[in-house]
Amino acid sequence: MKTITLPDGREITYELTRKRVRNINFRAKENGVVAVSANSRVSVREIEEFLIQRAEFFFKAFERLKKRAEESGLSETIAPNAQSVRWLGQDFPVRVIPNSRECAVIDENEVRVFTRRGDEAEYVTALIKTARERRFRALCGELDSEVRGELEKRGFSPPPTVITIKDMKSRWGSCSYTRGHISLNIRLAAYPRSTVLSVLWHEYAHYWHHDHSERFYAFLLEMFPEYRKWNNLLKNNF
Ligand SMILES: [Zn+2]
């Protein structure tokens, strides 16, 4: 392989193969190298002049190849500014995959962002935020069934309840027991699943005990014995 430098400083790398071809054949390759085949009568100087004259053509071809490689998902990057995402108590690395889907997916061990705008940190963050909220909403639905199932098993009948996900500044959850409405803080998505569950149990317990009395905690610990272990992770976080 040989590299020639153009007057403007750009470089072209080529790989010459001598072949019984008519004159010169060339092909821009995905790795940014021009494959040249020429017969033995064509001098290196002629070949290099030929490449310099057609430099623009090759640069454009390399661009096209690079774009095509990106579209097929071959070239991936770690998001420049999104670093990692905290999800259910773990840090998930963010992988940006050039693709026109424009969405993010929280996988088992990473967050995959499919976008053509991977270099726009704010945009990538917004895609991740949407995915995280969607997943958290689904998780809360799951946990809600778990709590209600347990309550019913023990002979309690919880009122019909609407769960709302909100970004709250000073509380992890709230319960309007008269309206059958429980709110959970989206910030809980950073904590382990059982911690989210502890908050949901806390709010459900308010249907039977409106204050934070001893009876309230006795009920709560009876229902979810690991309450303190998981809920304590939230102390001093506001
Ligand atoms: Zn409370």
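Remember, predicted model here, so these are calculated numbers, not experimental data. (Residues numbered from 1 in each chain as written. Predicted model: local features only at pLDDT ≥ 70, side-chain atom pairs only at ≥ 80, totals over all residues. Heavy atoms only, no water.)

Looking at the domain arrangement of the protein chain
The following threshold applies: Residue ranges for the domains originate in an automatic or database domain assignment. Here a residue-residue contact requires only that any non-hydrogen atoms of the pair lie within 4.5 Å. What gets called buried area is simply the loss in accessible area from a 1.4 Å probe that two parts show on being joined, summed for both.
Under the domain assignment, the protein chain is made up of domain 1 (2-71), domain 2 (77-128) and domain 3 (133-234). Placing the centre of domain 2 and that of domain 3 at their C-alpha centroids yields a distance of 29 Å. Contact with domain 2, which involves six residues of that partner, is made by 10 residues of domain 3. Both faces combined, the contact of domain 2 with domain 3 buries some 650 Å², and carbon together with sulfur accounts for 57% of it.

Some words on the nonpolar core
The following threshold applies: To define a nonpolar core, start from buried Ala, Val, Leu, Ile, Met, Phe, Trp, Tyr and Cys residues and group those joined through side-chain atoms within 4.5 Å. Each residue is assigned to one of three classes by its accessible area relative to the maximum for its type, calculated with a 1.4 Å probe on protein chains only: buried under 20%, partly exposed between the two thresholds, exposed over 50%. We count a stretch as a helix when DSSP gives it H or I for four or more residues in a row; a strand needs E for two or more, and each element gets its number in order from the N terminus.
With 45 residues, the main nonpolar core has Val111, Val113, Ile128, Phe136, Leu184, Leu188 and Trp201 as its most contacted residues. Looking at this core, the element that brings in the most residues is helix 3 (residues 121-153), giving 10 residues. Formed jointly, this core draws a minimum of three residues from each of two domains, domain 2 (77-128) and domain 3 (133-234). Membership of the second largest hydrophobic core comes to 19 residues, among which are Tyr14, Val36, Ile47 and Phe59.

A word on the packing of aromatic side chains
Note the threshold: Geometry of aromatic contacts follows a simple scheme: Phe, Tyr and Trp rings, the Trp one being its six-membered ring, pair when their centres are within 6.5 Å, and the pair is stacked under 30 degrees between planes, edge-to-face over 60, tilted otherwise. Two conditions define a charge located above a ring, namely a distance within 6 Å from the ring centre to NZ of Lys or CZ of Arg, and an angle within 35 degrees of the ring normal.
If you walk through the whole model with that rule in mind, you get 12 aromatic pairs. Ring centres 5.3 Å apart and planes at 80 degrees place the aromatic pair tryptophan 172 and tyrosine 191 in the edge-to-face group. You can see tryptophan 172 sitting in the loop between strand 10 (162-166) and strand 11 (173-176) and its partner tyrosine 191 sitting in the loop between strand 12 (181-185) and helix 4 (193-205), a full 19 residues away along the chain. Taken individually, tryptophan 172 and tyrosine 191 each receive the classification buried, so the pair is uniform in this respect. Geometry around tyrosine 123 places arginine 117 over its ring, the cationic atom sitting 3.7 Å from the centre. The cationic tip of arginine 228 hangs over the ring face of tyrosine 217; the distance from NZ or CZ to the ring centre is 5.2 Å.

Regarding the sheet that holds strand 12
Definition in use: In this analysis, strands are considered paired if DSSP registers two or more bridges between them. Axis geometry follows a simple rule: fit a line to the C-alpha atoms, using only the stretch in contact for helices, then measure angles between N-to-C directions, giving values from 0 to 180 degrees.
Pairing is mixed across the open sheet formed by three strands, whose spatial order is 10-12-11. The open sheet is flanked by strand 10 and strand 11, the only strands paired with a single partner. Going from strand to strand, the sheet's axes swing by 15 degrees on average, the running direction of each strand aside. With five bridges connecting them, strand 10 and strand 12 associate as parallel partners. Across the sheet, residue lysine 166 finds its bridge partner in strand 12, namely asparagine 185.

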